[in-house]
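Fold and geometry: a report
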Amino acid sequence: MSDAVDACWHVVQTQVNGEARAAQNLLRQGYGIYLPRYLKRRCHARKIDFVAKPLFPRYMFVAIDSAVQRWRSIQSTQGVSHLVCNGDEPAVVPSRVVGALKAREDDRGFIRLETTPAFAPGDKVRVRAGAFMDSAGLFDGMGDHDRVAILLDLLGRKVRVHLDADLVAAA
């Protein structure tokens with residue numbers, strides 16, 4: 001992404017699953033774009049893998065130098081639904097917002113999401129899905145591979161269970 005010194009960041013809403021097509025067409029027209037992505041953990045058929053997903057589905061940032069670029073052409077770009085506006089003018093995103101997102105990227109260009117849960121040992125939690133769905137327990141700590149350890153009350157005693165961190169929420 002190369003953006004001009006005088007360019008301001010704006011937000012484009014894309015068509016459903018149209019981020020890649022919109023990015024390609026905006027780049028071809030000479031606009032700078034930024035599409036923040038992260039690696040989403042996907043479980044399917046007992047196999048876990050990671051796929052690249054947009055951080056803000058259907059939205060991306062576009063750098064427009066209003067002195068030399070006509071922003072109205074963005075509205076008819078393939079893959080773009082519309083440019084987000086305040087009234088008749090495109091809404092400006094402070095460059096520090098885009099800078100903060102870029103600062104969280106890893107060496108492959110993916111946004112690093114917070115992986116540690118916001119629980120302290122002893123906090124009440126609830127299991128959101130899986131075999132223990134809707135079970136209440138106590139947060140006991142972090143296990144291996146982004147898994148949390150919780151204590152569930154099963155058959156009259158506390159049992160330590162390791163679950164994926166995204167399956168546990170505050171109770």
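Coordinates for the structure precede this section.
1. Considering unusual backbone geometry
Even without being glycine, Arg-58 reaches a positive phi, approximately 75 degrees. Within the fold, Arg-58 resides in the loop between β4 (47–54) and β5 (59–64).

2. Overview of the packing of aromatic side chains
Counted by the stated rule, this structure contains 3 aromatic pairs. Ring centres of Phe-56 and Phe-61 lie 6.3 Å apart, and the angle between their planes is 85 degrees; on these two criteria the pair is classed as edge-to-face. Under the relative-accessibility criterion, Phe-56 is labelled partly exposed at 34%. An aromatic cluster is defined as three or more aromatic residues linked by ring pairs; in this entry it consists of Tyr-34, Phe-56 and Phe-61. Geometry around Tyr-34 places Lys-102 over its ring, the cationic atom sitting 5.0 Å from the centre.

3. Remarks on helix α1 (residues 19–28)
Considered for burial, the residues of α1 that qualify are Glu-19, Ala-22, Ala-23, Asn-25 and Leu-26. The positive-phi residue at the C-terminal boundary of α1 is Gly-30, with phi of around 95 degrees.

4. Things to note about the environment of Ser-81
For Ser-81, the position within the fold is in strand β6 (residues 80–83). Exposure remark for Ser-81: the relative accessible area of 34% places this residue in the partly exposed category. In this structure, the C-alpha to C-alpha distance between Ser-81 and Lys-124, residues 43 residues apart in sequence, is 43 Å. In this structure the side chain of Ser-81 is engaged in a polar contact, spanning 3.5 Å, whose partner is the side chain of His-82.

5. Describing the state of the cysteines
Under the definition given, this model contains 0 disulfides. Not engaged in a disulfide, the cysteine Cys-8 finds its nearest cysteine sulfur in Cys-85; these two sulfurs lie 14 Å apart.

Reading the values: rules and limits
Residues numbered from 1 in each chain as written. Predicted model: local features only at pLDDT ≥ 70, side-chain atom pairs only at ≥ 80, totals over all residues. Heavy atoms only, no water. Helix = DSSP H or I, 4+ residues; strand = E, 2+ residues; numbered from the N terminus. Phe/Tyr/Trp six-rings, centres within 6.5 Å; stacked < 30°, edge-to-face > 60°. Buried < 20%, exposed > 50% of the residue type's maximum accessible area, 1.4 Å probe, protein only. Lys NZ or Arg CZ within 6 Å of the ring centre and 35° of its normal. Polar contact = N/O pair within 3.5 Å; in protein donor to acceptor, adjacent residues only side chain to side chain. Disulfide = S-S within 2.5 Å.

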